[in-house]
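Below, each chain spelled out in residue letters.
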Amino acid sequence: MFSVHFSFFVVATLFSSCCCLSVSEAPPSSSAFLSIGGPLSPDDLLVRAADETLGVGHGVGLERLHVIRDALSTIWRSLPKSYSGRVDRGALGYALNRYFMKTYSLSVMGLEMDVNGTITEAEQDPYLSEVSSFFAQMAPERSFSFEEGVAAAVMIEELIANFEREILEEVYEQKEVQGTLSDEELDPIMRSFTLNWLLHADPVLTVKAEKHPSSVIEEWPSVLDLLDGIPRNSKYFSGTFSKKASEARKVTGGISNPMSVKYDFEDVHNLMRDFTRSFGNYTQIQCDTVRAKLTKMDTSNTGRVPLATFHKAALDGDWHFSESLTYLRHLGAVDESSAWHGPRVIIPNYIQSASNCLVAAADYRVCCQTQCESYMDVFEAAVEGPTAEPDVILALTAKIIEENSEGQFRFPSSLRQQLLKISRANHGRVPLHGRLFAQWLHYAFPSECPFPHVSGSVDKYELPPNFERALASTTEMRKNAAARVPSMKAGARPQSRSNEEESDWMTHWIHEEELISQLHLQAPWEATALPILKNIAGAICFLVVLSGIVYVFGELRRVDVLRSSIDSDKLHFI
């Protein structure tokens, strides 16, 4: 009987082990940002995540959650994940940073992480950013589902809206506004809000701008043109407010009375929210103008403009290019790696720097987008994973270049070799969200993709205390403009340079990797491999358990036979 009991013990142990195996890959609740469980639909998960992040009654509709979900989905599919499909804090910050830049031209302070997944030193002060404070409160080991990522995006949008609400409240208090506003009364409130929003970091300039806005904001006439489209062209006006106004509008003789339209505080806040979210489209026009001027100065097609040419343009009347060399270094917008060429302004880095951010709020900057963002979309959509083989990247890059330029494309050997070098350090694959691939993209698309500096070496958005003047003096610009400008073959594209030009062209290359996530770089096939392996393991466990059961019943049968034999013998002896 001992063997029978032992067999039952073996079967029970095997069954227990298989059950443990089947649930061991479930995301641990202790690492979850939000407690989401149960067999919920995708919509239910989104709503639950938003409820737990913002609190029940937050007012964010399912339609808005769907918009954010769709915008995040391509980026999210390509991020490094755990085997349970979750991302860590660094990857979450990266995805959200990309989302806000692509959607609103916002660089949200507090979303950029260093290689260890911690908030960069320049963003650790909670006074600078509520977002950085929010992330700092998260345990580094926490992981996030896709629904939680969507909810985090909603939360950040609400933080930004709250900041803008405070500005509007200050305007209401200054203007001693009470009750509702007519169309005529709304106009000065919107203008005052816009000035306070644009110049919030400098109260002295804000007061001056209230009297003479064009003397402080050179683009003020074009800002007014944009502002005049509010409220009639805003999403809020054509949606929620339109329904509200139609119910309350007085009608005289069957004709609508437009003077009867009234705006309460929430109406004005929502209108201004639409305005600030659309402001990135306006700034992008200014960004494209600056980019076009710099590209015209870049006769060598390296994505770099000699400092001499840069400051000569400023002396010739283009004040936009007046930054000092010291300030350009701080922004990470200058390349001084070549003794032959001397200091050169890196076009995409300069475009994305603080010099071209028109709004500098505590929590975010309204800055320029680069074409590189759309290129990353191509790679992420095609690969659908965090790593890719070099040949896949080369083929996609060639396709992008051929679609955006004339002539046949030929890769320079240096670019191909650098890509292979990156892949050899990563088991034959290239991490799409690493510093080295971003650097490779910069040399493939030098005018579109910024050069990625090593973490902590530059700060493209902040000016440190007691810093020297950001603008160069006339004397400094004249000295720089008089410097000799070495020339590369005019119009030489990266793929058509000589070996000597190619070698000099990549002197700025730094072979130091930094990844956005500490998680295993899971290839696309690995995401489907785990369930398959689990199914195989489950099948093996089932067969083992079945074999154990058969063995037990065999033992029981043998015992029954033995007992029958003994009983027969007893009967025979009787």
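For the structure given in this document, a descriptive report is provided here.

Thresholds applied
Residues numbered from 1 in each chain as written. Predicted model: local features only at pLDDT ≥ 70, side-chain atom pairs only at ≥ 80, totals over all residues. Heavy atoms only, no water. Helix = DSSP H or I, 4+ residues; strand = E, 2+ residues; numbered from the N terminus. Expected span 1.5 Å × (residues − 1). Buried < 20%, exposed > 50% of the residue type's maximum accessible area, 1.4 Å probe, protein only. Arc of directions from axis to C-beta. Phe/Tyr/Trp six-rings, centres within 6.5 Å; stacked < 30°, edge-to-face > 60°. Axes fitted to C-alpha atoms, helices over the stretch in contact; angles between N-to-C directions. Parallel < 35°, antiparallel > 145°, perpendicular 65-115°, else oblique. Left-handed = near helix turned anticlockwise from the far one by under 90°. Contact = heavy atoms within 4.5 Å. Disulfide = S-S within 2.5 Å. Salt bridge = Lys/Arg side-chain N within 4 Å of Asp/Glu carboxyl O. Pairing = 2+ DSSP bridges.

1. Details of helix 16 (residues 372-383)
If you check helix 16, its first and last C-alpha atoms are 17 Å apart, about what 12 residues at 1.5 Å a residue would give, namely 16 Å. Within the sequence span of helix 16, burial applies to C372, E373, Y375, M376, F379, E380 and V383. Along helix 16, the residues classed as buried sweep out an arc of 155° about the axis, all on the same side. Once helix 16 ends, the next one or two residues include E384, with phi positive near 55°.

2. Quick word on the packing of aromatic side chains
In the structure shown here, the tally under the stated rule is 17 aromatic pairs. With a centroid separation of 6.2 Å and 35° between ring planes, the pair formed by F100 and Y104 is classed as tilted. Taken as a pair, F100 and Y104 lie in helix 4 (residues 89-104) at a separation of 4 residues, close to a single helical turn. In terms of burial, F100 and Y104 fall into one category: buried. When the centroid spacing of 5.2 Å and the interplanar angle of 85° are considered together, the rings of W197 and F279 count as edge-to-face. Here F279 lies in helix 12 (residues 265-297) and W197 lies in helix 7 (residues 183-198), a separation of 82 residues in the sequence. Through a chain of ring-to-ring contacts, the aromatic side chains of W197, F275, F279 and Y282 assemble into a single cluster.

3. Observations concerning the packing of helix 7 against helix 8 (residues 203-211)
Taken N-terminus to C-terminus, the directions of helix 7 and helix 8 make an angle of 150°; their axes are 9 Å apart at the nearest point. The orientation of helix 7 relative to helix 8 falls into the category roughly antiparallel. Considering how the two elements wind past one another, helix 7 and helix 8 form a crossing that is right-handed. Residues S192, L195 and N196 of helix 7 form the contact with helix 8, whose own contacting residues are T206, A209 and E210.

4. A word on the state of the cysteines
What is meant by a disulfide is a covalent connection between two cysteines, made through their sulfur atoms. This model, assessed by the stated rule, comprises 3 disulfides. Through a disulfide, C287 is tied to C368; the S-S separation comes to 1.8 Å. When the S-S torsion is -80°, as for the bridge of C287 with C368, the disulfide is left-handed. Of the two residues, C287 sits in helix 12 while C368 sits in the loop between strand 10 (364-366) and helix 16, which places them 81 residues apart along the sequence. C368 carries the same exposure label as C287, and that label is buried. The partner cysteine of C372 in its disulfide is C449, sulfur to sulfur 2.0 Å. In this structure, the disulfide formed by C372 and C449 twists by about 95° around the S-S bond and is classed as right-handed.

5. Re the pattern of salt bridges
Opposite charge on two side chains lets them pair, provided their charged atoms get close. This model, assessed by the stated rule, comprises 19 salt bridges. Through salt bridges with shared partners, a single network forms among R98, K102, E373, D377 and E380.

6. A short note on the sheet that holds strand 7 (residues 334-335)
Judged by pairing direction, the sheet is antiparallel, and its 3 strands sit side by side in the order 6-8-7 without closing on themselves. Of all the strands in the sheet, the pair left with one neighbour each is strand 6 (304-306) and strand 7. The pairing of strand 7 with strand 8 (residues 344-346) spans 2 bridges and is classified as antiparallel. Bridged to D335 within strand 8 is R344.

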